[in-house]
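Below are the chains, spelled out letter by letter.
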Amino acid sequence: MHRPRGRTGPRHASPEAPARRRGGPARPALLAAGAALLLTGAALPALNGPVPATTAAAPGAAAVPVGSGSYTDTLPAGASGPSDLSGAPASPKVTDDYEGAAPTNEWWSSLIFQRYPENPHGENLFAHPASYHPHEGGLEMGYPDTPRLVADGLKYEFPHVPDLSLGAVGLDSPDTRVADSGDWTVTAEWAGGGPTLRVTIGQGLPFAYAETSGGDAEVSFRSAPDVWHEDGSVVGASVGGRHYALFAPSGSPWTRSGDTFTAATGDGGHYSVAVLPSPGDLDAFAPYAHSVVTGSVVDYDYDEAGATLTSTYRVETEAVEGDRTGTLMALYPHQWDNAVTDVTGLSYTSPRGEMRVAEGGSFTTELTTNGVLPGLPTAEGADRDRMRQLIDEVLADGEPFPEPGDTYWDGKAMGRLAQLVPIADSIGHTEARDELLDLVRSRLEDWLTAGGARQFHYDAEWGTMLGYPDSFGAAQELNDHDFHYGYIVSAAAVVARYDRAWAAEDAWGGMVRLLIRDVAATDPDDPMFPRLRSFSPYAGHGWASGHAGFAAGNNQESSSEGMHFAAATTLFGSLTGDEEIRDLGVYLHTTQASTVSRYWQNGDGGTFPEDFGHDVVGMVWGDGGDYRIWWDGGDEEHYGINYLPITAGSLYLGHDPDHAGTVYRSLVDRLGREPEIWRDIHWAHRALSDGDDALRMFEEQWQSYEPEAGSSKPHTYQWVSTLAEVGTVDASVTADTAHYAVFDDGGTRTYTAFNPGPSPVTVTFSDGASLEVPAGEQAVTRG
């Protein structure tokens, strides 16, 4: 879900114009047609560990100091926090024994964030391969295995179709609450209406695990099932060609009455339901029927010298009967394609393509880490006088920031200026560099200090930092925090490069770290924030809506702004000497890069249905993909929303230059012309496959076009002129640093690397090349 941005062309809403927010329509009319957090072994590193003493607010204090900055612990006058659709304050829907800050922006967030006053249970939940829908009597379950096109073919969806419902005899609960959650699992509770039911579900889990108290197990089929196996406590049945197995405790046989099965579980009872690839797979699932998943966590390890990210996805299980532990997990394509763990021959259909099943308590993937630079090197052949002139023209703008500004549009304005700092530095325009730094630094300090026109508020109930003024539901709906705060972290990283003392923990860096923790805290015991709020480890990308209150589940529109936060976090960590933050950024950036081409651009050819007539989607949804975006934009915006902002962290878009060229030509063919809206964004993307063509378009139009709101003419000129000179990204060559890039121009390679540290380093590339990089500088050489 997203929002209008940019200032070029009649299709764009200005920052001040009303927008269709990430929350979308009042109800999901757009789409209506169509576990305790447990760590095992080596845990993820805790991001900054315990909260520093400076962030512990005295009772009743309005401004909480954090180094040189501060936030407010009281809601600013006239501001609204998390709210339902009527505007009433919303509190997390959790049980009394739920521990930790409330997660949001999950695939299951409608369970915890009640967006609609009349619905205390939640919306459709797309876990893949199964889908669910909570109601007063328990939890519907289905297996969306058949896509359909809706909205005149603009969206493909695998809609939730309930085949059965998990419940307990006599259950009639007034609401559904969250009792537990893990990195990709959640336990929901139904209580206060007779018996109590708890069900644990998760992404990639074919099983739903139920606990009953005060009532027996009850599974009701939506229509008459075809029962093909019935043996005491195990029932196999099919509905609409979809296959399920019901497992009750030994000695508690299922009893059928019409389309409903019950088993005497009562207090302390349990049962599970599994969706099967085929009836013949029952024997593969039965051993795990009573191995209940109680938690889920991803552990990652970044090997800088080997340019490798190893991620292990673990589930904690408890044998409630027998001694078998572990389970079956269905892997997404970006997982099984990079798995170093064997997978079985079992598979499922999903909106992301084929899911393949692994057996046991964990599986591991390995990904190559490509570097994140603070900027591209400036081409030797670039017109430095013109570049200087264009930078001076940006500085001559008397209003570099919108007023009063908000977390998104101010962020884009800071990003626009910050990206020019290393460019000015590279051409020796130090006066402009320092003026740009002063502008960015001053605006950052304005945001990072409580009590002014722009400030941050900590909401202790939801465990989140809320910026005011906000936009696009960032405060009321907890939308887009990685998108908005990524611009602040990115700008802070630029300042940190030239002013290390400014970014120290006891200066302004403490507040920046709070924003990073809001988006992606890693410590499961963090007293202020939930773990990895804006990143879904199993999905491999973020979810933008805080509440996920849609029939289609949650959604992610601007994957590129999620990547921008990741790149910014990598750089800020390195520039402040914090390897834990750096490694977090590398994990987020590398993992998301493995999903963007697949799921937004059908890069592997296995994601979009064959009859979906589009080469990209603007948004990925829980139930599928949509070519449309969150405003009435044109084709250029449908493509470009997943490119911007263009930074040196965007080179992942060109890791496959042929694919990048195919996507660009797809847009041109659709338009019947070269792009006119956000043309600088598309020139920058075009440069990843053909720098000469991108430079040609810039040279022909640079005096007459208006830049996209987060970009500028000098930045675009530097980008396209550099890529025209060095060629395309060569992702086959890696280096023993987190900050590098390699380019290839007809067999001639260009190597560049950045050294964030205080001492010179020698960077070694996997093809044998090496590069001496002075402290705090970026170096480049041609091979």
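What counts, and where the lines are drawn
- By convention here, each chain's residues receive numbers from 1 onward along its written sequence.
- Residue-level local features of this predicted model are given only where pLDDT is at least 70; pairs of side-chain atoms are given and counted only at 80 or more, and the full residue set underlies all totals for whole chains, interfaces and linings.
- For the side-chain quantities, the full set of heavy atoms in the structure was used; hydrogens and water were omitted.
- Where helices and strands are cited, they refer to DSSP runs of H or I of at least four residues and of E of at least two residues respectively, numbered from the N terminus.
- For a compact globule the rule gives 2.2 Å times the number of residues to the power 0.38, and the radius of gyration it is set against comes from C-alpha atoms.
- Accessible areas in this description were obtained via Shrake-Rupley with a 1.4 Å probe; residue shielding takes into account the shown protein chains only.
- The charged-residue count follows a simple rule in which Lys and Arg add positive charge and Asp and Glu add negative charge, with His and chain termini not counted at all.
- Where a charge sits is defined by one atom per residue type, namely NZ (Lys), CZ (Arg), CG (Asp) or CD (Glu).
- Note on contacts: a residue pair is in contact if any heavy atoms of the two residues lie within 4.5 Å.
- The salt bridge criterion pairs a side-chain nitrogen of Lys or Arg with a carboxyl oxygen of Asp or Glu, the two atoms within 4 Å.
- Residue burial is assigned from relative accessible area. The probe radius is 1.4 Å, only protein chains are included, and a residue is buried under 20% of its type maximum, exposed over 50%, and partly exposed in between.
- Working definition: rings of Phe, Tyr and Trp (its six-membered ring) pair if their centres are within 6.5 Å, and the pair is stacked with planes under 30 degrees apart, edge-to-face with planes over 60 apart, and tilted otherwise.
- For a ring to carry a charge above it, either NZ of a lysine or CZ of an arginine must fall within 6 Å of the ring centroid while also lying within 35 degrees of the normal to the ring plane.
- Strand pairing is defined by DSSP finding a minimum of two bridges between the two strands.
- The axes used here are C-alpha line fits, helices contributing only the stretch in contact, and every angle between their N-to-C directions lies in the interval 0 to 180 degrees.
- In plain words, nonpolar cores are sets of buried Ala, Val, Leu, Ile, Met, Phe, Trp, Tyr and Cys residues tied together by side-chain atoms within 4.5 Å.
- Residues are grouped as follows: Ala, Val, Leu, Ile, Met, Phe, Trp, Tyr, Cys and Pro are nonpolar; Asp, Glu, Lys and Arg are charged; all remaining types, including Gly, are polar.
- Expected helix span is computed as 1.5 Å times (number of residues minus one).
- Picture the helix axis, draw a direction to every C-beta atom, and the arc is the one those directions span.
- By definition, pLDDT measures how confident the predictor is in each residue, and it falls between 0 and 100.
- Note on terminology: angles under 35 degrees are roughly parallel, angles over 145 are roughly antiparallel, angles of 65 to 115 are roughly perpendicular, and the others are oblique.
- Take the far helix as your reference; a near helix turned counterclockwise from it by less than a right angle gives a left-handed crossing, and one turned clockwise gives a right-handed crossing.
- What qualifies as a polar contact is a pair of N or O atoms within 3.5 Å, subject to a donor-acceptor requirement within protein and to the restriction that residues adjacent in sequence count only when both atoms come from side chains.

## Digging into the overall build of the protein chain
Then, number 1: Check the secondary structure of the protein chain and you find 16 helices and 36 strands.
Then, number 2: Taking 28 Å as the expected radius of gyration for a compact globule of 783 residues, we find that the protein chain reaches 26 Å, a close match to that expectation.
Then, number 3: Overall, the C-alpha framework of the protein chain stretches about 85 × 60 × 50 Å when taken along its three principal axes.
Then, number 4: Roughly 24,700 Å² of accessible area belongs to the protein chain as shown, and the carbon and sulfur atoms make up 45% of that amount.
Then, number 5: Treating the 48 positive side-chain charges of the protein chain as one cloud and the 110 negative ones as another, the clouds have centres 6 Å apart.

## Overview of the side chain of Asn105
Then, number 1: Looking at the secondary structure, you find Asn105 in the loop between strand S2 (69-72) and strand S3 (125-126).
Then, number 2: Not counting residues up to four positions away in its chain, the partners in contact with Asn105 are Leu478, Asn479, Asp480, Arg533, Trp543, Ala544, Ser545, Gly546 and Asn554.

## Some details on the pattern of salt bridges
Pairs can form between side chains of opposite charge once their charged atoms are near each other.
Then, number 1: Summed over all chains, the structure comprises 42 salt bridges.
Then, number 2: Across the salt bridge formed by Arg115 and Glu477, the nearest N and O atoms sit 3.3 Å from each other. With Arg115 in the loop between S2 and S3 and Glu477 in the loop between strand S27 (464-468) and helix H8 (481-498), the pair connects residues that are 362 residues apart, well separated along the chain.
Then, number 3: Looking at Glu477, the relative accessible area reads 0%, which means it is buried.
Then, number 4: With a shortest N-O distance of 3.0 Å, Asp425 and Arg433 are connected by a salt bridge.
Then, number 5: The class of Arg433 is buried, set by a relative accessible area of 17%.
Then, number 6: Several salt bridges share partner residues, and in doing so they unite Glu674, Arg686, Asp690, Asp693, Arg696 and Glu700 into one network.

## Observations concerning the packing of aromatic side chains
Then, number 1: Scanning the entire structure with this criterion turns up 40 aromatic pairs.
Then, number 2: Seen from their ring centres, Tyr627 and Tyr639 are 6.4 Å apart, and the 85° between their planes marks the pair as edge-to-face. Of this pair, Tyr627 sits in the loop between strand S30 (624-626) and helix H12 (635-640) while Tyr639 sits in helix H12; the two residues are 12 residues apart in sequence, bridging distant segments of the chain. Like Tyr639, Tyr627 is buried.
Then, number 3: Connected via pairs of aromatic rings, a cluster forms that spans Trp184, Tyr313, Tyr332, Phe363 and Tyr538.
Then, number 4: Sitting above the plane of the Tyr288 ring, Arg324 keeps its charged end 5.1 Å from the centroid.
Then, number 5: Here the basic side chain of Lys713 rests over the ring of Tyr705, its NZ or CZ set 5.3 Å away from the ring centre.

## Here's the deal with unusual backbone geometry
Then, number 1: For the bond running from Glu403 to Pro404, omega is 0°, close enough to zero to count as cis.
Then, number 2: When you line up the elements, Pro404 lands in the loop between helix H4 (384-395) and helix H5 (409-418).
Then, number 3: Between Leu644 and Pro645 the backbone carries a cis peptide bond, its omega angle lying at 0°.
Then, number 4: For Pro645, the location among the structural elements is in the loop between H12 and helix H13 (657-671).
Then, number 5: Of note in this structure, Asp152 is not a glycine but carries a positive phi near 55°.
Then, number 6: Within the secondary structure, Asp152 is located in the loop between strand S6 (148-150) and strand S7 (155-157).
Then, number 7: Taking the relative accessible area as the measure of exposure, Asp152 reaches 83% and is therefore exposed.
Then, number 8: Positive phi outside glycine occurs at Leu532, with the angle close to 50°.
Then, number 9: Its place among the elements puts Leu532 in the loop between helix H9 (505-520) and strand S28 (555-556).

## Some details on the pairing of strand S16 (residues 242-247)
Then, number 1: With respect to burial, S16 is a largely interior element, 6 of its 6 residues being buried.
Then, number 2: Here strand S15 (residues 234-239) runs beside S16; their pairing, made up of 6 bridges, is antiparallel. The residue bridging Gly236 from the neighbouring strand is Ala245, located in S16.
Then, number 3: Counting the residues in the hairpin turn of S15 and S16 gives 2 residues, including Gly240, whose phi is positive at 60°.
Then, number 4: Across 5 bridges, the pairing between S16 and strand S19 (residues 269-276) is antiparallel. For Ala245, the partnering residue across the bridge sits in S19 and is Ala274.

## Remarks on the sheet that holds S19
Then, number 1: Strands sit in the order S9-S10-S11-S12-S19-S16-S15-S14 across an open sheet of 8 strands; the sheet is antiparallel. Since the sheet does not close on itself, it has two edges, and those belong to strand S9 (176-181) and strand S14 (226-231), each with one partner. Direction aside, neighbouring strands of the sheet carry axes that sit 20° apart on average.

## With respect to the nonpolar core
Then, number 1: If you look at the biggest cluster of nonpolar residues, it comprises 207 residues, and the most contacted ones within it are Tyr71, Met141, Trp254, Phe456 and Trp719.
Then, number 2: Counting residues per element, this core draws most heavily on H8, which supplies 10 residues.
Then, number 3: The next biggest cluster of nonpolar side chains, apart from the first, holds 12 residues, and it includes Tyr740, Val742, Ala753 and Leu771.

## Quick look at the sheet that holds strand S23 (residues 347-348)
Then, number 1: Taken in spatial order, the 3 strands make up an open sheet running S22-S24-S23, and their pairing is antiparallel. The open sheet has two edge strands with one neighbour each: strand S22 (327-331) and S23.
Then, number 2: Examined bridge by bridge, S23 and strand S24 (residues 355-360) share 2 bridges and lie antiparallel to one another. Directly across from Ser347, in S24, lies its bridge partner Arg356.

## Considering the packing of H13 against helix H14 (residues 679-687)
Then, number 1: Packing of H13 against H14 leaves a shortest axis separation of 9 Å and a crossing angle of 145°. Of the residues in H14, those in contact with Ala660, Gly661, Val663, Tyr664, Arg665 and Leu667 of H13 are His682, His685 and Arg686.
Then, number 2: Taken together, the residues of the contact of H13 with H14 break down into 4 nonpolar, 3 polar and 2 charged.

## Concerning helix H7 (residues 430-447)
What sets the pattern is the α-helix's 3.6 residues per turn: residues three or four places apart point alike.
Then, number 1: Taking 1.5 Å as the rise per residue, H7 with 18 residues should run 26 Å; its terminal C-alpha atoms sit 26 Å apart, in good agreement.
Then, number 2: Restricting attention to buried positions, one finds in H7 the residues Ala432, Arg433, Leu436, Leu437, Val440, Arg441, Arg443, Leu444 and Trp447. One side of H7 holds all its buried residues, which, seen down the axis, span an arc of 165°.
Then, number 3: Of the surrounding elements, those touching the buried residues of H7 are H4, H5, helix H6 (420-426), strand S26 (455-459), S27 and H8.

## Some points on the confidence of the model for the protein chain
Then, number 1: Residues with a pLDDT of 70 or more make up 92% of the protein chain, whose mean pLDDT is 92.
Then, number 2: In the model, residues 1-61 has pLDDT below 50 throughout and makes 210 contacts with residues more than four positions away in sequence or in other chains.

## Here's the deal with the packing of H5 against H7
Then, number 1: Direction vectors running N to C along H5 and H7 enclose 155°, while the axes themselves pass 9 Å from each other. Taken together, the axis directions place H5 and H7 in an arrangement best described as roughly antiparallel. When the axes of H5 and H7 are compared, the crossing they make is left-handed. Across the interface between the two elements, Asp410, Met414, Leu417 and Ala418 from H5 touch Leu436, Leu439, Val440, Arg443, Leu444 and Trp447 from H7.
Then, number 2: Tallied by class, residues from the contact of H5 with H7 come to 8 nonpolar, no polar and 2 charged.

## Here we look at the environment of His270
Then, number 1: Relative to the helices and strands, His270 is located in strand S19.
Then, number 2: The exposure class of His270 is buried, given its relative accessible area of 13%.
Then, number 3: Apart from the residues lying within four places of it in its own chain, the contact partners of His270 are Ala210, Glu211, Thr212, Pro249, Thr265, His290, Val320 and Glu321.
Then, number 4: There is a polar contact of 3.4 Å between the side chain of His270 and the side chain of His290.

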